[in-house]
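Summary of the model geometry
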Amino acid sequence: MDDRSEDKQAGLPAARSSLVERAAEKLMGAKGGPPADASAPAAPPFPVAEPAGPGLVEEGLEEALAAGAAGAPEAASGPGGDPPPVAVLGASAAISGRAPVRHSQRRSRIVNIDTTGLEARNIITPATKRTRTVEEFRLIKRMVLSQRWDIRDALGNTILVTSALPAEGKTTTAINLAMSIAAEEDLRVLLVDADFVKPDALRQLGVSASKGLIDVLQDPQMDIADVMLRTNIEKLSLVPAGQLHDRCTELLASTRMSELISDLAGRYQDRILIFDSPPILATSESVVLTSLMGQIVFVVQADRTKRESVDSALDLIGERQHLGLVLNRARGGFGNTEFGSYYGAYYYGYGEQESTDRAAE
């Protein structure tokens, strides 16, 4: 009979073989589950906790701290109030199946966007008063948001903005759509610059960054929080494109990318993700991105984009029900509705393939 059996017969708690097992047992106890057993299979992940504060964006750290404070007070800090050991912070990851937290306090860098300069270039901000552009994007926004709960085979809060060819206004459309959503009372938006060949979204916002999404995909030691940028616009955050890589397409098609999108889109119900994609006919990365998104906003420039280009791009995208067309730079009088005739921008509903013909003619 070993020492642990004797302790059990004597009414004493069984000895734990490691601090991780001890912390895991208390974390599961806080959720009302059975005590941890080193010989038992790993327990399923527990629900994600809300973040401790707006500045703390480490994905996974908030769960460990919140659960540790509730169920393992002695594990929440070391002797004398020192920060908890890495093993304790890793206990939450061990239970949930995530990689251990490597940094105890990882915070996003804060960048400043010159909103006055944006408005001078006809880019809206949440504070922009009612204008034609504001109304145009309110219409597009309502169409997009109305679909986010109806999509079952993908995450409806992931939106890709693209076009057939360069210089059709897709990046400006992505920024304006993000700004319009940031004006919502109950939503937050994450704008991801996914055009790695021509990363123009952050440049238009007057922001620069050396690393971004593609760096996170190729370096497993990096976390998306390392490159995420908070802005002076309260409900808007950014993810830069990062350094151009020879294998961008393969990195975007990886399991790591799928898991990253699922984590970003699924962690908070009030978060909308907007990806500014390369043009469909310009690079192969955009085709991969379309397969990962719940919705696609396809920008067509009036009097410029040829019908053949639109058809070719839509063929590469494939059959997609939740795809909308934005006719950019339309002249007044085009169309058959009062709203379109007045504002000069048009948004064709999801899944209406025949709208392609009307937009390109």
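The structure displayed is predicted, hence computed values, not measured ones.

Regarding its fold elements, the protein presents 15 helices and nine strands. The proportion of buried residues among the 361 residues of the protein is 49%. Contacts in the protein between residues at least 24 apart in sequence constitute 75% of all its contacts with a sequence separation of at least 6. Carbon and sulfur atoms form 49% of the exposed surface of the protein, whose accessible area is close to 18,100 Å².

Working note: α-helix, 3.6 residues per turn, so residues spaced by three or four point in the same direction. Buried within helix α13 (residues 307-317) we find S309, V310, A313, L314 and I317. All buried residues of α13 lie within an arc of 125° about the axis, which places them on one face of the element. Opposite the buried face of α13, by more than 90 degrees, sit the exposed residues E308 and D315. Just downstream of α13, G318 is the residue with a positive phi angle, here 90°.

Here we take up the pattern of salt bridges. Going through the model one piece at a time under the given rule, you end up with 10 salt bridges. Across the pair D276 and K170 runs a salt bridge whose closest N-O atoms are separated by 3.0 Å. Taken as a pair, D276 in strand β6 (residues 271-276) and K170 in helix α7 (residues 170-182) lie far apart in primary sequence, 106 residues in all. Overall, the relative accessible area of 0% leaves D276 in the buried class. Of the charged contacts, one joins D200 and R203 as a salt bridge, the two residues approaching to 2.4 Å between their closest N and O atoms. A residue is classified by how much of its surface remains accessible, and R203, at 56% relative accessible area, is exposed. One network of salt bridges, in which partners are shared, links R130, E135 and R138.

To continue, consider the confidence of the model for the protein. Of all residues in the protein, 61% attain a pLDDT of 70 or more, and the chain-wide mean is 74. Within the model, pLDDT remains below 50 along residues 33-105, and this stretch shows 109 contacts once partners closer than five positions in the same chain are excluded. Counted against residues more than four places away or in other chains, residues 350-361, with its pLDDT under 50, gives 31 contacts.

It is worth spelling out the nonpolar core at this point. In this structure, L213, I224, F275 and F298 are the most contacted members of the largest nonpolar core, which totals 42 residues. Per-element accounting of this core gives the leading share, five residues, to helix α11 (residues 255-267). Within the second largest apolar cluster, 34 residues are counted, among which are I124, V161, L236 and V326.

Let us now look at unusual backbone geometry. Positive phi, close to 65°, is recorded for N122, a residue that is not glycine. Tracing the backbone shows N122 in the loop between α5 (115-120) and α6 (132-145). In this structure, A167 takes a positive phi of about 65° despite not being glycine. Residue position: A167 is located in the loop between β2 (158-163) and α7. Overall, A167 belongs to the exposed group, its relative accessible area being 54%.

What counts, and at which threshold
- Residues numbered from 1 in each chain as written.
- Predicted model: local features only at pLDDT ≥ 70, side-chain atom pairs only at ≥ 80, totals over all residues.
- Heavy atoms only, no water.
- Helix = DSSP H or I, 4+ residues; strand = E, 2+ residues; numbered from the N terminus.
- Buried < 20%, exposed > 50% of the residue type's maximum accessible area, 1.4 Å probe, protein only.
- Contact = heavy atoms within 4.5 Å.
- Areas by Shrake-Rupley, 256 points an atom, 1.4 Å probe, with all protein chains shown as cover.
- Arc of directions from axis to C-beta.
- Salt bridge = Lys/Arg side-chain N within 4 Å of Asp/Glu carboxyl O.
- pLDDT = per-residue confidence, 0-100.
- Core = buried A, V, L, I, M, F, W, Y, C linked by side-chain atoms within 4.5 Å.

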